Amino acid sequence: MVIAIVVVLAFALNLLVLHDRNSATLVAMASQPLAAGSALDPASLRLVPVDSGFEALPGLVNETQLEEMNGTVLARSVPEGGLIERSALVAPGSAPGLRSMSLPVPVEHAAGGTVVVGDRVDVIAVTDGVAGFVATDLEVISVSERGSGGIGTASGHHVVVAVDAEQALALARALDVGSVEIVRSTGAEPVEGSENGP
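Just so it is clear, the model here is predicted, and its values are computed rather than measured.

What counts and what doesn't
- Residues numbered from 1 in each chain as written.
- Predicted model: local features only at pLDDT ≥ 70, side-chain atom pairs only at ≥ 80, totals over all residues.
- Heavy atoms only, no water.
- Helix = DSSP H or I, 4+ residues; strand = E, 2+ residues; numbered from the N terminus.
- Buried < 20%, exposed > 50% of the residue type's maximum accessible area, 1.4 Å probe, protein only.
- Pairing = 2+ DSSP bridges.
- Axes fitted to C-alpha atoms, helices over the stretch in contact; angles between N-to-C directions.
- Expected span 1.5 Å × (residues − 1).
- Arc of directions from axis to C-beta.
- Contact = heavy atoms within 4.5 Å.
- Core = buried A, V, L, I, M, F, W, Y, C linked by side-chain atoms within 4.5 Å.
- Salt bridge = Lys/Arg side-chain N within 4 Å of Asp/Glu carboxyl O.

1. Some details on the side chain of His157
Relative to the elements of secondary structure, His157 occurs in the loop between β7 (130–143) and β8 (159–163). Relative accessible area serves as the criterion here: at 10%, His157 is assigned to the buried category.

2. As for the sheet that holds β8
Read across the open sheet, the five strands follow the order β5-β8-β7-β6-β9; overall the sheet is antiparallel. Since the sheet does not close on itself, it has two edges, and those belong to β5 (99–103) and β9 (179–184), each with one partner. Pairwise comparison of adjacent strand axes, ignoring direction, gives a mean angle of 45° for this sheet. Where strand β6 (residues 120–127) meets β9, six bridges bridge the pair, whose relative direction is antiparallel. Following the sheet pairing, Val121 is matched in β9 by Arg184.

3. Examining the pairing of β6
Across seven bridges, β6 lies against β7 in antiparallel orientation. Note that in β7 the partner of Val126 across the bridge is Ala131. Linking β6 back to β7 in an antiparallel pair, the connection comprises two residues, with Asp128 at a positive phi of about 55°.

4. Topic: helix α3 (residues 165–177)
Under the 1.5 Å per step criterion, the end-to-end length of α3 is 19 Å for 13 residues, consistent within 8% with the ideal 18 Å. Among all positions of α3, only Gln167, Ala168, Ala170, Leu171 and Ala174 are buried. The buried residues of α3 occupy an angular sector of 165° when the element is viewed end-on, so they sit on one face. Along α3, exposed side chains directed more than 90 degrees from the buried face belong to Glu166, Leu169, Arg173, Asp176 and Val177. Residues of α3 that are buried in the fold lie against β5, β6, β7, β8 and β9.

5. Side note on the nonpolar core
Leu103, Val121, Leu138, Val161, Val163, Leu171 and Ile182 are the most contacted members of the largest nonpolar core, which totals 21 residues. Those elements giving two or more residues to this core turn out to be β5, β6, β7, β8, α3 and β9. With sequence-adjacent residues up to four places away left out, Leu138 is seen in contact with Asp119, Arg120, Val121, Val123, Val161, Ala162, Val163, Gln167 and Leu171. Counting residues in hydrophobic clusters, the runner-up holds 12 residues, among them Ala30, Leu40, Val61 and Leu74.

6. A look at unusual backbone geometry
We note that Asp128 has phi near 55°; this positive angle belongs to a residue other than glycine. With respect to the helices and strands, Asp128 occurs in the loop between β6 and β7. Although it is not a glycine, Asp137 sits at a positive phi angle of roughly 55°. Mapped onto the secondary structure, Asp137 falls in strand β7.

7. Some remarks on the pattern of salt bridges
One pass over the structure, following the stated rule, counts two salt bridges. Asp119 is the salt-bridge partner of Arg184, the closest N and O atoms lying 2.7 Å from each other. Taken together, the positions of Arg184 in strand β9 and Asp119 in the loop between β5 and β6 put the pair 65 residues apart, joining distant regions of the chain. On the basis of relative accessible area, Arg184 is assigned to the partly exposed category, the value being 42%. Residue Asp119 is classed as buried on the basis of its relative accessible area of 4%. A salt bridge links Arg120 to Asp137, with the shortest nitrogen-to-oxygen separation between them at 3.0 Å. You can see Arg120 sitting in strand β6 and its partner Asp137 sitting in strand β7, a full 17 residues away along the chain.

In structure tokens form, the structure reads like this:
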């Protein structure tokens, strides 16, 4: 009788394991911290099973999509162990000779969310109470959708712009040391005396 019960329990457990495997989908997870603006590289990812009933599954990069997403650009940073969301990836659409860079700025500091692809923007940095233009007349190549922040985050708004090497460094410094304001400058006169302008 005891042997029969053990056999039945083992059979039931095997069925549960097989059911779990069949109901799971493999999705991409960062195996190391991934910086905003970097190209997606499968070598820095690993595949993990997620239950097919998981509510956020449609927004995640799964195993079959990973190859076609290779080379896309991360619009926001992803911590080690973070799942890769499709909304966090943008095409490398900058002009020849330029780079794509994500500026993670809340909507209220990005022209109230009115910036769209194709716009021109200026970036102002405020350090120790002093404001100054960091870069001007940058082309917008991607804008995050409202509510596209990472799982469990309050805000994930970002604007991806085309920059040259010097502008990228200047913007990285500004993001690191102070607050940043994105100004929609489409159709406006160029800012005079800006060292990082075109």
